[in-house]
Amino acid sequence: MGRILIKGGLLIDGKGGAPIVTGAVLIEGPRIVGIGKAEAFQGCKDAKVLDCGDQTLLPGLIDCHNHLSLDPRLDNYLHRMTDPIPALTLRACETMKIDLRSGVTTSRCMGDRGFLDVECRKAVEEGRIEGPRLIVATRGIRAFHGHGFVGYPFGGTDQIRDAVRENILAGADLIKIFITGTLRGPKGIFSYFSKEEIRTAVDEAHRAGLPVATHCIGGTGLEWALETGIDVIEHGYYLTDREIDLFVKSGRWLVMTPSIFFTDARIRNLPPNLVDGHLQQREEVARSMEAVVRAGIPFAVGTDAMHGGLAQEIQYLVDFGATPGQALMAATSQAAKVCRLEGSIGTLEEGKFADIIGVEGNPLEEVGALKRIGTVISRGTIKHPTSP
Ligand SMILES: [Zn+2]
């Protein structure tokens, strides 16, 4: 296996320390074998050199909440999830390329149709299509009367147990359950599932060693999620002080997905009956997100399918009061923990996968630098810029 020495202007290893000036990473095949100042590798004559100039090198980004076949660029995009599975699969092939090109080397997929995410994961691993490493939830589990355009309806503990087992059989890495909607309704936030149904999903998944994540914005459903042992809460848009307190005590993770409420181009493409609600509740959601950051709930971040937009989601975290370093870790080292892959990705360290990006500027000073991607390396292969 050939070795490549990747040189940059700065190097951020993702562990929270100060960047290394004129940093370099030595890789061999898919793994990192050395890291430090470029001078330290002068004796390393057999390695090819990839000189990234002034770029800042950092760990490949992890999108902690994605859907491969959901595409908010499409008009009325939620309803486009009923397109035929072959159309959705082709769409997934396109969105994976966009994600990878934007520096996302790992995607945690939180529900797609027809187990297409399992096939995409396999195709990426076998090098048949371009895309980030995928961690897949397969079918989202939703209630018959509940929210979840990327999910399938189930009801009662027997059906839910079967749904979890079928997802595991198909190759799920985690289980996703939709407990609430996305907007607070006129009657408040209610849980679409009973506590027993939620507990059944958790017990069944945990017994097989899989974590459970839930689409949950707050309310009784959040308390039940924490009480029944759900591992990761997704969204959490409307957390009250009391819920934030319970959350902190539980030690669970929150995956924040701001663009649903804060990116106008996305809101415009919602079904017309949902547009006003998202705009009207935006300020309230911002207050809740700020409170999450202040309270110290451990968080990671995801695009919820805003493909190519992870850098903007990270920017929103800074708007909510996170430091640029915290916001960056939400898409690298912290995100790797949510994915349970902290032993192999999320920081630049010897032995880990060579998932490395280069950006123009220093994201610890100006987090917007993450939008200026110069280099993408995934498991030791240079994906961008592509050779002529
Ligand atoms: Zn989602």
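A quick note: this is a predicted structure, and the numbers were derived from the prediction, not measured.

Asker: In this structure, what is going on with the overall build of the protein? I would like to understand it.
Answerer: For the protein, the count of helices and strands is 13 helices and 20 strands. Here the protein has a C-alpha radius of gyration of 20 Å; the compact-globule value for 388 residues is 21 Å, and the two agree. Dimensions of the protein, computed from C-alpha atoms along their principal axes, come out at roughly 65 × 40 × 40 Å. For the protein, with 388 residues in total, the buried portion stands at 60%. Restricting to contacts in the protein with at least 6 residues of sequence separation, those with at least 24 account for 68%. With an accessible surface of roughly 15,200 Å², the protein has 52% of that area assigned to carbon and sulfur atoms.

Asker: Just to check I follow, could you spell out the coordination of the zinc ion for this structure?
Answerer: Metal coordination angles have textbook ideals: 109.5 degrees for a tetrahedral set of four donors and 90 or 180 degrees for an octahedral set of six. The protein atoms donating to the zinc ion are His65 (NE2), His67 (NE2) and Asp304 (OD), with metal-donor distances spanning 2.1 to 2.3 Å. Taken in chain order, the donor set of the zinc ion reads H-x1-H-x236-D. On the accessibility criterion, His65 (0% relative accessible area) is buried. You can call His67 buried: its relative accessible area is 2%.

Asker: It is not clear to me how the side chain of Gln334 should be interpreted in this structure. Could you clarify?
Answerer: Assignment of secondary structure puts Gln334 in helix 13 (residues 333–338). Take Gln334: its relative accessible area is 18%, and that puts it in the buried class.

Asker: Whenever I open this one, the pattern of salt bridges confuses me. Can you help?
Answerer: Throughout the structure, instances matching the rule amount to 26 salt bridges. The salt bridge involving Arg80 is made with Asp83; its shortest N-O contact spans 2.9 Å. Its relative accessible area of 31% is what places Arg80 among the partly exposed residues. Across the salt bridge formed by Arg207 and Glu204, the nearest N and O atoms sit 2.8 Å from each other. Pair noted here: Arg207 and Glu204 are both in helix 4 (residues 195–207), with a separation of 3 residues, about one helical turn. Taking the relative accessible area as the measure of exposure, Arg207 reaches 60% and is therefore exposed.

Asker: Help me out: how do you make sense of the pairing of strand 16 (residues 253–256) in this one?
Answerer: Looking along a regular strand, one sees side chains alternate from face to face of the sheet. With burial as the criterion, each face of strand 16 is covered, one bearing Trp253 and Val255 and the other bearing Leu254 and Met256. Note: strand 15 (residues 232–235) against strand 16, 3 bridges, orientation parallel. The residue of strand 16 that forms the bridge with Val232 is Trp253. Handedness of the crossover joining strand 15 and strand 16 through helix 6 (residues 241–250): right-handed.

Asker: Just to check I follow, could you spell out the side chain of Arg108 for this structure?
Answerer: Mapped onto the elements of the fold, Arg108 is located in strand 9 (residues 104–109). In this structure Arg108 touches Asp63, Cys64, His65, Asn66, Ile135, Leu174, Ala213, Val232, Glu234, Val255, Val338 and Cys339, once residues within four positions along its chain are discounted.

Asker: Help me understand the environment of Asp355 in this model?
Answerer: As for its position among the elements, Asp355 is in the loop between helix 13 and strand 18 (356–359). What Asp355 contacts, discounting residues up to four positions off in sequence, is Leu58, Pro59, Gly60, Thr105, Thr106, Arg133, Ile345, Leu348, Ile377, Ser378 and Arg379. Within the structure, Asp355 has its side chain in polar contact with the side chain of Arg133 (distance 2.7 Å).

Asker: Is there a simple way to think about the domain arrangement of the protein in this case?
Answerer: When the parts of a complex come together, some accessible area is lost, and that lost area is often taken as the interface size. Here the domain parsing of the protein yields domain 1 (3–59 + 347–384) and domain 2 (61–338). For domain 1 and domain 2, the distance between their C-alpha centres works out to 30 Å. Facing the 22 residues of domain 1 at the interface are 23 residues of domain 2. A buried area of about 1,800 Å², summed over both sides, lies between domain 1 and domain 2, and 64% of it is on carbon and sulfur atoms. The largest share of the area that domain 1 buries against domain 2 comes from Val367, Leu370 and Arg379, three residues that together contribute 28% of it. Here Asp355 and Arg133 are joined by a salt bridge, their closest N and O atoms 2.7 Å apart. Among the secondary structure elements, those contributing two or more residues to the side of domain 1 that touches domain 2 are strand 7 (56–59), strand 19 (373–378) and strand 20 (381–384). Considering every element that reaches the side of domain 1 that touches domain 2, the biggest residue donor is strand 19, with 4 residues.

Asker: Quick question: what am I supposed to make of unusual backbone geometry here?
Answerer: Note: most peptide bonds trans; most residues except glycine with negative phi. Cis rather than trans, the peptide bond between His384 and Pro385 has omega equal to -5°. Its place among the elements puts Pro385 in the segment after strand 20. Positive phi, normally seen in glycine, also occurs at Thr22, with a value near 45°. Relative to the helices and strands, Thr22 is located in the loop between strand 3 (20–21) and strand 4 (23–28).

Cut-offs and rules
- In this numbering scheme, every chain counts its residues from 1 along its sequence in written order.
- Thresholds applied to this predicted model are a pLDDT of at least 70 for local features of residues and 80 or more for the giving and counting of side-chain atom pairs; totals over whole chains, interfaces and linings are not thresholded and use all residues.
- For the side-chain quantities, the full set of heavy atoms in the structure was used; hydrogens and water were omitted.
- Starting at the N terminus, helices and strands are each numbered in turn, a helix being any DSSP run of H or I of at least four residues and a strand any DSSP run of E of at least two.
- Note on method: radius of gyration uses C-alpha positions; expected globular size equals 2.2 Å times residues raised to 0.38.
- For each residue, the accessible area found with a 1.4 Å probe, counting protein chains only, is set against the maximum for its type, and the residue is called buried under 20%, exposed over 50%, and partly exposed in between.
- By definition, residues are in contact when any of their heavy atoms lie within 4.5 Å.
- Using the Shrake-Rupley algorithm and a 1.4 Å probe, accessible areas are obtained, with residue cover drawn only from the displayed protein chains.
- Because water is not among the atoms used, a metal site may look incomplete, as its donors are only the N, O and S atoms within 2.8 Å, or 3.2 Å for Na, K and Ca.
- Put simply, a salt bridge is a Lys or Arg side-chain nitrogen that is within 4 Å of an Asp or Glu carboxyl oxygen.
- Pairing between two strands requires that DSSP report at least two bridges joining them.
- Look down the strands so they point away from you; if the path from the first strand over the helix to the second goes clockwise, the crossover is right-handed.
- Under the rule applied, a polar contact is a pair of N or O atoms within 3.5 Å (in protein, one hydrogen donor and one hydrogen acceptor; residues adjacent in sequence only if both atoms are side-chain atoms).
- Just so you know, the domain bounds were taken from an automatic or database domain assignment.
- A simple way to read buried area is as the amount of 1.4 Å-probe accessible surface that goes missing from two parts once joined, with both sides added.

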